[in-house]
Amino acid sequence: MLIAAFVDEKALFMKKNIFKLTTLCSFLLAGFIYRENNSISKTYIDYGSDKVPYNFEGFKILQISDLHNKIFGKNQNKLIKKIMQETPDIIVITGDIYYSYTHKIKNSLIFLKQISRLYPVYFVTGNHEQRDKNWQKHSKIIKSFGIKIIDNKMEKIQKKNDFIQIYGLRDPSFYEKKTRYIIFEQKLKHIKKYIDEDKLAILLSHRPEKFEIYVENEVDLVFSGHAHGGQIRLFGQGLLTPGEGFFPKYTGGMYIKNNTSMILSRGLGRTICTVRLFNRPDIVVTTLHTKNE
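This write-up is about the structure you can find in this document. (Residues numbered from 1 in each chain as written. Predicted model: local features only at pLDDT ≥ 70, side-chain atom pairs only at ≥ 80, totals over all residues. Heavy atoms only, no water.)

**Describing the overall build of the protein**
Scanning the protein from terminus to terminus reveals seven helices and 16 strands. Taken along the three principal axes of its C-alpha coordinates, the protein extends 95 × 45 × 35 Å. Burial analysis of the protein (293 residues in total) assigns 50% to the buried set. In the protein, once contacts between residues fewer than 6 apart in sequence are set aside, the share between residues at least 24 apart is 73%. Roughly 15200 Å² of accessible area belongs to the protein as shown, and the carbon and sulfur atoms make up 57% of that amount. Here the protein holds 46 positive side-chain charges and 29 negative ones, and the gap between their average locations is 9 Å. (Helix = DSSP H or I, 4+ residues; strand = E, 2+ residues; numbered from the N terminus. Buried < 20%, exposed > 50% of the residue type's maximum accessible area, 1.4 Å probe, protein only. Contact = heavy atoms within 4.5 Å. Areas by Shrake-Rupley, 256 points an atom, 1.4 Å probe, with all protein chains shown as cover. Lys, Arg positive; Asp, Glu negative; His and termini not counted. Charge placed at Lys NZ, Arg CZ, Asp CG, Glu CD.)

Structure follows, in structure tokens:
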């Protein structure tokens, strides 16, 4: 009887401790997943070129991509605070503020309205904007904030007596499926006719998997999104992107080939999978430098 009671007491003790350990691990896992999906990280990149005018030395570009209507605090105050800490000269948004799986954009519009009061903002569409049945209405709202939607357009950014150029490509999903990438490249070639090749020209384009098109057309600097950092990252490598599938080549950071550089944001929202792992929401801060040869 004593032995049986001792065994029962030991088993009960082990069960209690296993329960406590399981509960602790569950809380730690939940906290980790929450942090991975809600704690904003920053990626800092320096870009140097002899095409960067003297007056643009130290010019700071902050990139936002793939927000997908995600909330970062009341009225997006956590995201706004992170941006304000960097005091950027301009903000570039490389598509997918809309989230087509929930058909929502309200939180993204709150963000855009807030940030447009603080900085000049340049925007290009992503594939989720193409899925937005009310995109014509929503784009008018965005423009009313003073944000420049530069799909297939070019703008000059003036500073004293110097300037750089910024232009954008509409996401290819807006075109007919069979010819969309032909049209996409044709639009790029057309805009480049109006670019001053002696001055830096920055392209905003949602699709990083089209890097070779940017290289072939001698684009100086591209800001891109869409890849979400591969959603889940292991050993610095993303596992899956919408544009390239499993084990993609382009997931985040800076890629250089010939005279073309592409800066790829890991984005802020989610896609395909419901969580981000080892891949916190990301904003990119790029500083331009004059490089004298």
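**As for the sheet that holds strand β3 (residues 90-94)**
Overall, mixed pairing links the six strands, which are arranged β1-β16-β2-β3-β4-β5 in an open sheet. Every interior strand has two partners, whereas the edge strands, β1 (41-49) and β5 (148-149), have only one. In terms of strand pairing, strand β4 (residues 121-124) meets β5 through two bridges, oriented parallel. Across the sheet, F123 pairs through a bridge with I149, a residue of β5. This element, helix α3 (residues 106-116), spans β2 (60-64), β3 and β4 of the sheet and lies at about 160° to β3. (Pairing = 2+ DSSP bridges. Axes fitted to C-alpha atoms, helices over the stretch in contact; angles between N-to-C directions.)

**Some thoughts on the packing of helix α2 (residues 77-84) against α3**
Between α2 and α3, the shortest axis-to-axis distance is 10 Å and the interhelical angle comes to 35°. Crossing hand, α2 versus α3: right-handed. Each of L79, I80 and I83 in α2 lies in contact with α3, whose residues at this interface are F111, Q114 and I115. Across the contact of α2 with α3, the residue classes break down as five nonpolar, one polar and no charged. (Left-handed = near helix turned anticlockwise from the far one by under 90°. Nonpolar A, V, L, I, M, F, W, Y, C, P; charged D, E, K, R; others polar.)

**A short note on the sheet that holds strand β9 (residues 221-224)**
One open sheet holds the six strands; their spatial order is β6-β7-β8-β9-β15-β14, and the pairing between them is mixed. Bordering the open sheet on either side are β6 (154-159) and β14 (253-257), each of which pairs with just one other strand. When the angles between neighbouring strand axes are averaged without regard to direction, this sheet yields 20°. Bridge count for strand β8 (residues 201-204) against β9 is three bridges, and the pairing is parallel. Residue pairing across strands places L203 opposite V222, the latter belonging to β9. On top of the sheet, helix α6 (residues 180-192) reaches β6, β7 (162-168) and β8; it is set at about 160° to β7, its chief contact.

**Here we look at unusual backbone geometry**
Phi angles above zero are rare outside glycine, and T87 is one such case at about 40°. Note on placement: T87 falls in the loop between α2 and β3. Under the relative-accessibility criterion, T87 is labelled exposed at 53%. Of note, K160 is a non-glycine position whose phi angle comes to about 55°, a positive value. Residue position: K160 is located in the loop between β6 and β7.

**Focus on the pattern of salt bridges**
Tallied over the full model, the rule gives 12 salt bridges. For D151, the salt bridge is made with R170, and the minimal N-O distance between the two is 3.5 Å. Placement of D151 in the loop between β5 and β6 and of R170 in the loop between β7 and α6 is noted, with a sequence separation of 19 residues between them. The buried category is assigned to D151, whose relative accessible area is 8%. Judged by relative accessible area, which is 32%, R170 ranks as partly exposed. Linking E212 and K257 is a salt bridge whose minimum nitrogen-to-oxygen distance equals 3.1 Å. Residue E212 is located in helix α7 (residues 211-216), and its partner K257 is located in strand β14; the two are separated by 45 residues in the primary sequence. (Salt bridge = Lys/Arg side-chain N within 4 Å of Asp/Glu carboxyl O.)

**Some details on a nonpolar patch on the surface**
On the surface, L234, F235 and F278 cluster together into a nonpolar patch covering about 410 Å² of accessible area. Considering the arrangement of structural elements, one finds F278 in the loop between β15 (260-264) and β16 (282-290). (Patch = residues over 30% accessible without salt bridge, like charges linked within 9 Å, V, L, I, M, F, W, Y side chains within 5 Å.)

**Topic: the nonpolar core**
Ranked by internal contacts, the top residues of the largest apolar core, which has 28 residues, are I64, L79, I83, I91, I93, F111 and L112. If you tally residues by element for this core, the top one is α3, at four residues. Ignoring sequence-local partners within four residues, the contact set of I93 consists of I64, F111, L112, V121, Y122, F123, V124 and L204. Residues I90, L200, I202 and I263 belong to the second largest nonpolar core, which totals 22 residues. (Core = buried A, V, L, I, M, F, W, Y, C linked by side-chain atoms within 4.5 Å.)

Coordinates in, geometry out; function isn't part of it.
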